[in-house]
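Secondary and tertiary structure notes
Chain by chain, the residues:
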Amino acid sequence: MVSSSILPFMFISLVCLMLTGAPLAFVLGAIAFLATIFAWGPSALIVTVLNTFEVMTSEALMAIPLYVLMAAILQKSSIIEELYSAMEIWFGRLSGGLAIGTIVICTIMAAMTGVVGAAVASMGILALPSMLKRHYNEPLALGTICAGGTLGILIPPSVVTIVYAITAKISIGQMFIAGVVPGLVLASAYCLYIFIRVSINPDLAPQTTQTPDYTLEDKLRSLRALILPAIVILSVLGSIYLGLATPTEAASVGVLGSLFCAVTAGKLRISMLSEAASDTLKVTAMILWITIGARAFISVFVATGGPDGLLGLIENLESSRWIVLCTMLGTLVFLGLFLDEIGIILLCVPVFLPIVEALDFNRLWFGVLFMITAQMAYITPPFGYTLFYLKGVLPEGIGIGSVYKGVIPFFMIQLSVLIAFMLWPDLVTFLPEAMSARVK
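Given the structure is predicted, the values throughout are model-derived calculations rather than measurements. Counting of residues starts from 1 at the beginning of each chain's written sequence and follows it residue by residue. It should be noted that, the model being predicted, local features are given only for residues of pLDDT at least 70 and side-chain atom pairs only at 80 or more, the latter also being counted only at that level, while totals for whole chains, interfaces and linings use all residues. Calculation of side-chain values draws on the structure's entire complement of heavy atoms; hydrogens and water are dropped beforehand.

Quick word on a nonpolar patch on the surface
Defined as follows: What makes a patch is a set of residues exposed beyond 30% relative accessible area and free of salt bridges, joined within 9 Å when like-charged and within 5 Å when nonpolar (Val, Leu, Ile, Met, Phe, Trp, Tyr). Only the protein chains shown count as cover for residues, and the accessible areas themselves come from Shrake-Rupley with a 1.4 Å probe. Throughout this description, the term salt bridge denotes a Lys or Arg side-chain nitrogen within 4 Å of a carboxyl oxygen of Asp or Glu. Put simply, DSSP H or I for four residues or longer makes a helix, DSSP E for two residues or longer makes a strand, and each gets a number counted from the N terminus.
Taken together, Trp-90, Leu-216, Leu-220, Leu-223 and Leu-226 make up a surface patch of nonpolar side chains, about 450 Å² in accessible area. Considering the arrangement of structural elements, one finds Trp-90 in helix α5 (residues 79-91).

Spelled out as structure tokens, the structure:
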């Protein structure tokens with residue numbers, strides 16, 4: 001009787017309060033607080049206190065502020081500007097080359113920082129004016145930046161991946177490694193699409209004589225810009241893959257690597273470190289508040305028999321397990337119109353994982369599908385987060401309609417890649433399994 005009245009109250013309240021625009025952390029916490037008192041009385045609030053203490057003392061969650069700090073330092077070290085200059089030298093005279101080079105830079109940024117907003121804003125400032133100056137098709141240029149920027153959700157080290165792994169209670173290192181192949185496949189698919197589309201219609205990215213014809217010596221010299229990013233990427237992912245460090249310890253190594261990059265670039269200043277620390281504090285506080293609220297919400301949901309009710313409903317359905325899986329993934333895309341990916345993970349993963357296991361799916365494989373779906377949500381019109389990141393740096397005269405038009409082909413590419421990984425799960429799981437065997 002308790003669950004039959006509490007659960008509808010929780011979810012109706014959740015929908016109504018989210019529509020008001022109230023912060024998700026306080027919405028989840030308030031609903032859990034009221035539901036706990038209504039169902040079991042004030043004395044049961046001790047469970048919320050214990051959940052909060054568990055979040056505050058979680059060793060795995062320590063990786064989040066470290067990776068965010070690493071990203072903030074790298075963002076302020078001018079490394080991205082040097083990378084983009086090198087990309088222009090290599091790809092500038094190739095038809096469609098600037099768009100392909102932008103995807104390459106976004107992939108490198110994803111492997112360094114894993115922060116979507118930083119990649120989209122940086123490429124909007126650096127790459128978009130260069131492409132428009134060379135008369136690139138506006139939707140193509142805008143879609144390239146939006147899609148490339150979302151690679152930070154999947155390619156490690158990703159804060160979103162850490163949150164998923166902790167919530168799903170699986171290895172962060174395995175989730176990191178599982179995202180490598182899908183991330184590179186998506187990046188390659190974007191580049192292939194741009195190359196084919198421009199080859200069919202050269203007017204979308206006309207060749208130009210504005211870019212100097214650099215010699216091979218100039219191109220090789222420009223590759224020096226890759227040295228510092230390579231140090232950061234290899235120090236983080238290499239230490240995890242070789243079993244030399246846990247993901248949290250690797251985050252510390254990444255921070256040291258980012259400081260080394262800042263010193264080498266001559267950008268290390270007290271003011272820069274202060275700004276990076278302030279940005280880290282804001283992002284980490286936001287994530288942890290949402291985590292505390294979501295833990296409280298989910299604990300009430302579990303205590304009132306929510307997971308058992310869902311499992312019973314699924315078992316009574318006569319639908320294929322693949323239809324159930326597609327329904328869950330579709331729900332994630334829909335929620336992405338209203339929530340960020342951290343909120344979606346903390347809210348949905350504890351509910352979906354029992355269903356995933358009941359249907360005999362691999363939770364690591366489902367995690368990668370989850371991340372690809374989060375990328376799709378990020379560029380889905382009209383409210384995808386990436387669209388508004390880019391809107392903030394758009395030049396005058398370019399409307400949000402061009403952004404919507406540009407992301408549609410890349411959304412279809414993401415959908416195609418998602419279906420491919422659903423059909424061939426081994427593409428996702430073989431690398432983590434190889435890593436596990438190597439460690440053993």
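Some words on the confidence of the model for the chain
The predicted structure's coordinates, where accompanied by low pLDDT, should not be read in detail. The following threshold applies: Residue-level confidence of the predictor is summarised by pLDDT, bounded by 0 at the bottom and 100 at the top.
Mean pLDDT over the chain: 78, with 85% of residues reaching 70 or higher. By mean pLDDT, the top-scoring element of the chain is helix α11 (residues 180-200) (91), and the lowest-scoring one is helix α16 (residues 306-316) (60).

Some remarks on the environment of Leu-50
Threshold: Note on exposure labels: buried denotes an accessible area under 20% of the residue type's maximum, exposed denotes more than 50%, and partly exposed covers the range between, all computed with a 1.4 Å probe on protein chains only.
Along the chain, Leu-50 falls in helix α3 (residues 46-56). Of the residues examined, Leu-50 reaches a relative accessible area of 54% and is grouped as exposed. Remark: the alpha-carbon pair of Leu-50 and Ala-296, spanning 246 residues in sequence, is separated by 9.6 Å.

Comments concerning the nonpolar core
To keep it simple, the criterion reads: Among buried residues, those of type Ala, Val, Leu, Ile, Met, Phe, Trp, Tyr and Cys that are joined through side-chain atoms within 4.5 Å constitute a nonpolar core. The criterion used for residue contact is that any of the two residues' heavy atoms lie within 4.5 Å.
Of all hydrophobic cores here, the largest spans 139 residues; its most connected members are Tyr-67, Tyr-164, Ile-194, Leu-325 and Phe-366. Sort the elements by how many residues they give to this core and helix α18 (residues 341-358) lands first, with 12 residues. In this view, Leu-325 contacts Phe-361, Trp-365, Phe-366, Leu-369 and Met-422; residues no more than four positions away in its chain are not counted.

Details of the packing of α11 against helix α21 (residues 400-423)
Short version of the rule: Here an axis means a line fitted to C-alpha atoms, over the contact stretch when the element is a helix, while the angle between two N-to-C directions is reported on a 0 to 180 degree scale. Convention used here: angles under 35 degrees read as roughly parallel, angles over 145 as roughly antiparallel, angles from 65 to 115 as roughly perpendicular, and any remaining angle as oblique. Left-handed describes a crossing whose near helix is turned anticlockwise from the far helix through less than a right angle; right-handed describes the clockwise counterpart.
At a minimum axis separation of 10 Å, α11 and α21 run at an interaxial angle of 135 degrees. By the angle between their directions, the pair α11 and α21 is classed as oblique. The interaxial crossing formed by α11 with α21 has right-handed handedness. Every residue of α21 that contacts α11 at Pro-182, Val-185, Leu-186, Ala-189, Tyr-190, Tyr-193, Ile-194 and Arg-197 is listed here: Pro-409, Phe-410, Ile-413, Gln-414, Val-417 and Phe-421.

Brief notes about the environment of Ile-125
Positionally, Ile-125 belongs in helix α7 (residues 116-133). By relative accessible area, Ile-125 is classed as exposed at 54%. Separated by 265 residues in the primary sequence, Ile-125 and Leu-390 place their C-alpha atoms 9.1 Å from one another.

Concerning the packing of α18 against helix α19 (residues 363-378)
Rules: For this classification, the nonpolar set comprises Ala, Val, Leu, Ile, Met, Phe, Trp, Tyr, Cys and Pro, the charged set comprises Asp, Glu, Lys and Arg, and every other residue, Gly included, is treated as polar.
Two numbers describe how α18 lies on α19: the axes approach to 11 Å, and their chain directions differ by 145 degrees. The crossing of α18 and α19 is right-handed. From α18, Glu-341, Ile-344, Ile-345, Val-349, Phe-352, Leu-353, Val-356 and Glu-357 reach across to α19, where they touch Arg-363, Phe-366, Phe-370, Met-371, Ala-374 and Tyr-378. Its residues placed into classes, the contact of α18 with α19 shows 11 nonpolar, no polar and three charged.

Details of the side chain of Thr-161
Along the polypeptide, Thr-161 turns up in helix α9 (residues 159-168). According to the relative accessible area criterion, Thr-161 is buried, its value standing at 1%. Leaving out residues up to four positions away in the same chain, Thr-161 has contacts with Ile-153, Leu-154, Met-175, Phe-176 and Met-371.

A look at the pattern of salt bridges
Two side chains bearing opposite charge may form a pair once their charged atoms approach each other closely. This structure, assessed with the given rule, holds one salt bridge. Between Glu-357 and Arg-363 there is a salt bridge, with its nearest N and O atoms 1.9 Å apart. Look at Glu-357 and you get partly exposed, because its relative accessible area is 42%. With a relative accessible area of 22%, Arg-363 lands in the partly exposed category.

Structural notes on the environment of Asp-218
Take Asp-218: it is sitting in helix α12 (residues 216-222). Among the residues examined, Asp-218 registers a relative accessible area of 26% and is labelled partly exposed. C-alpha separation for the pair Asp-218 and Trp-90, spaced 128 residues apart in sequence, amounts to 9.2 Å.

What about unusual backbone geometry?
Phi at Lys-169 takes a positive value of approximately 60 degrees, unusual for a residue other than glycine. You can see Lys-169 is positioned in the loop between α9 and α10 (172-178). You can call Lys-169 exposed: its relative accessible area is 75%. One non-glycine residue, Asp-360, lies in positive phi territory at about 65 degrees. In this structure, Asp-360 sits in the loop between α18 and α19. Using a relative accessible area of 65% as the deciding quantity, one classes Asp-360 as exposed.

So, helix α14 (residues 247-264)
Keep this limit in mind: Given a helix with a known number of residues, its expected span is that number minus one, times 1.5 Å. Think of the arc as the fan of directions from the helix axis to the C-beta atoms.
If you check α14, its first and last C-alpha atoms are 25 Å apart, about what 18 residues at 1.5 Å a residue would give, namely 26 Å. For α14, the full list of buried residues reads Pro-247, Thr-248, Ala-250, Ala-251, Gly-254, Val-255, Gly-257, Ser-258, Cys-261 and Ala-262. Seen end-on, α14 carries its buried residues on one side only, within an arc spanning 165 degrees. Along α14, exposed side chains directed more than 90 degrees from the buried face belong to Leu-256 and Val-263. Looking one or two residues past α14, Gly-266 carries a phi angle of roughly 70 degrees, positive in sign.

Quick notes on the side chain of Thr-429
Mapped onto the elements, Thr-429 comes out in helix α22 (residues 426-439). When its relative accessible area of 7% is taken as the criterion, Thr-429 is described as buried. When near neighbours in sequence (up to four residues on either side) are disregarded, Thr-429 contacts Asn-362 and Trp-365.

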